[in-house]
Each structure stands twice: as C-alpha cells, then as structure tokens.
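# Topology and contacts: notes
The primary structure of each chain is shown beneath.
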Amino acid sequence: MALIKELTEIPSPSGDTEKIIKFIENLIRDWGYEIKRTRKGGLLISARGSDDTRHRFLTGHVDTLGAMVKEVKSNGRLKLSRIGGFNWNSAEGEYCEIHTSTGKVYTGTILMHQTSVHVYKNAGEAKRDDDNIEVRIDEKVENEKEVRELGIEVGDFVSFDPRPVITESGFIKSRHLDDKASVAILLRLLKQIKDEHITLPYTTHVLISNNEEIGYGGNSNIPEETVEYIAVDMGALGDGQSSDEYTVSICAKDSSGPYHYGLRRHLIDLAKENGIAYKVDIYPYYGSDASAAISAGHDIIHGLLGPGIESSHAFERTHETSILNTEKLLYAYVQSKMVTL
C-alpha cells in the first residue's frame, strides 16, 4: 500500500514518464533480473525459467491521465488538451502541476472559466469542455506575455494532484490507481520470487509500459517465444458490474472482444484451488495492453485481471483485500502450468 502511494505521487502523464520509470529501475536494480529499456521508454524485466522455449508476459502501466498546454490565453490562464479518456467534470477543481521544458514546475488549479457564482449566473450550467476549462496559475500573471516569461509554452505537460490517502479501514483512495496499484503488485511479485528463491516454470517477462492510456503501451517488445500474455490492470466498477473493491477481477470481455477462454478458465481454477476471492466481469468501454497486442497481430493467448477500482478515471479507490487477492492469483499463476492448447 505504501508503494502504491509512493508511485501515485510521481507525476507520469502519458508522454512524460521518464521520472517514474527511472524510479522503478533504481528500485529493482539489485534484484537480479535482466532489465532493459524499450525504445518507447518502458521497462522490460525478465526472469529466466526452467523452460526458456515458451514464455509468459505480464504488463502493468505507469502512465496516467493528464493534460498538455493547448493555448496560453490572453487572460494569463491556460487552455488544455486532454491526455487519455476522462471527463472534465472529474478534474474540475483539482490542483495540478505545469511541467515546463526547462524543468521548472509551476502549480495551479483546474477550473471552469465561469467559476464564481457571484459573477456568472450560469456557473453551474456551463458545459465542462475544452473551451470552458482552464488552469489558474499560482503566479502573478495577468496576460499571455507574463505567462510566457515564466517559460510556460504550448506542449508543456500538466499533471493532476493524486491526493493519495490510506485509511485505517484498509482503503487507498487516489488518482492514478489505474494502473499504479497493479504496477506495485507486479513489483511485489518480483521481490517475492527473488526473496523465496523461486525458479519459475517458464521464462517470464514483466513490462512496465508507459503508453497504455493512449492505446499502444504493450503491443511491442513481446519476445517471439511468448505464449501467454496477461495485462494486470484495474477491474471497472459500476451499475451492472460484478467486480468490487475486495476481490480480484478477471475480465471475460471488453470493447475489443472476448479474452482467451482457456486462460480465463485457468485463472478461475487457480483462484478456486487457492481460496482466492474473485469475480468474473465484462468491461464494456475498456481496452488493455493485452487487447492492443492482439490488435497489433501478435499470436498469443491473452488475459486481463486486476484489483477492482471504484470510480475509474476519476476519484479512484480500492481496498487492501483486492490488492492481496490480485497478488495471490498472480503468485499462483506464474508457478502454474501453461494452458493446454
């Protein structure tokens, strides 16, 4: 839980993930794994197994939702362009940071232009969209010239304050639990394999991908020997969903279509055999790095599982029991036999 919190506090909107990739690289450097940077900027971690002819591939992503400066407005505020799929109403009122190309970071607040109810009669009715949302910068600026003198320009990344909190009741609530909760789980799995001196039955790769929120994080850097590919990502909660914040969610289908039925059955069997609380679910408006890999034409068996995340792409929350059940299922999976084709 502490590692999840630490990861959420490192800004990493898609396209600006070097800092968090470097953090993970330094964290695992002495764990004895093969580590490789991908050209896309991700991190490929490999553990050699007893069988090196057939490989497994797990991935979680550290890139998050965010924004980029679209325009420096004449009133000294910033118009934004969204990175990833979210609604502006979920970011309205949020504190943020503007990351300039010089390395200087400024703070601000994401607001509607028509925020003050004492001035704007339609403050509550105005549309939350790219035209009305803007950033109020925490500097003495009143026009475009003064903003540019700070070094703020079009194309600068804007990250959202995650505000992580771990409660006494076992919840963690924060932005960007998608997918930093799962990345922490994968890192813990790698540490546990090392500490327990486990030799895996198959060579297994863990990709920390960094472009998932824009659709193409994990569909490259897949070794030719890869047979099974699992995206470790969030389970989506809401009306009509079976997933919750306390179990591991196993995805049967998302917007890309069904996941591999045999692999899904294998994960369910492992959960039952090991007393792991799970739910099977369909995510109607969702795509993963695994589905991106299938769309890219890779000949693999693909699956998707992860902790249940409440209010995904907005005010996210999950419980430590969901984290634990996800960890347990992955621990059992990487030591199990492959699905029989």
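In what follows, the structure referred to is the one given above.
About the thresholds
- Residues numbered from 1 in each chain as written.
- Predicted model: local features only at pLDDT ≥ 70, side-chain atom pairs only at ≥ 80, totals over all residues.
- Heavy atoms only, no water.
- Helix = DSSP H or I, 4+ residues; strand = E, 2+ residues; numbered from the N terminus.
- Contact = heavy atoms within 4.5 Å.
- Polar contact = N/O pair within 3.5 Å; in protein donor to acceptor, adjacent residues only side chain to side chain.
- Buried < 20%, exposed > 50% of the residue type's maximum accessible area, 1.4 Å probe, protein only.
- Core = buried A, V, L, I, M, F, W, Y, C linked by side-chain atoms within 4.5 Å.
- 1 Å grid on protein atoms, 1.4 Å probe; cavity = no way out; pocket = protein on both sides within 12 Å on 5 of 7 lines; lining within 4 Å.
- Points joined across faces, edges and corners; volume = space filled by probe spheres on them.
- Nonpolar A, V, L, I, M, F, W, Y, C, P; charged D, E, K, R; others polar.

## Let's talk about the environment of K180
By the element assignment, K180 lies in helix α4 (residues 177–195). Taking the C-alpha atoms as reference, K180 lies 9.1 Å from L3; in sequence the two are 177 residues apart. Ignoring anything within four residues of it in the chain, the contact list for K180 reads I4, L7, T8, I10, S12, I20, H61, V62 and T64. Here I10 takes part through its backbone oxygen, which lies 2.8 Å from a polar atom of the side chain of K180.

## So, unusual backbone geometry
Geometrically, the link from D178 to D179 is a cis peptide bond, its omega value of 10 degrees lying close to zero. Turning to its location among the elements, D179 is positioned in helix α4. Phi is positive for R163, close to 50 degrees, though the residue is something other than glycine. By secondary structure assignment, the location of R163 is in the loop between β9 (157–160) and β10 (165–166). Overall, the relative accessible area of 44% leaves R163 in the partly exposed class. Positive phi outside glycine occurs at S311, with the angle close to 60 degrees. Relative to the elements of secondary structure, S311 occurs in the loop between β18 (301–309) and β19 (317–319).

## Side note on the nonpolar core
By size, the foremost hydrophobic cluster in this structure holds 68 residues, and its most contacted members are I24, L58 and I208. Filtering out sequence-adjacent residues up to four positions away, I208 remains in contact with I21, I24, G42, L43, I45, G60, V62 and V183.

## What to know about empty space enclosed by the protein
Tallied over the full model, the rule gives two cavities of 30 Å³ or more. Taken as a whole, the largest cavity spans an internal volume of roughly 60 Å³. Every residue lining the largest cavity is listed: T64, L65, R175, H176, D178, E213, H313, A314 and E316. A class-by-class count of the residues in the lining of the largest cavity yields two nonpolar, three polar and four charged. Size it by volume and the second largest cavity reaches roughly 40 Å³. Listing elements by their share of the lining of the second largest cavity, those giving two or more residues are α4 and β12 (202–209). With three residues, the top contributor of residues to the lining of the second largest cavity is α4. Here the residues of the lining of the second largest cavity are counted per class, giving eight nonpolar, one polar and no charged.

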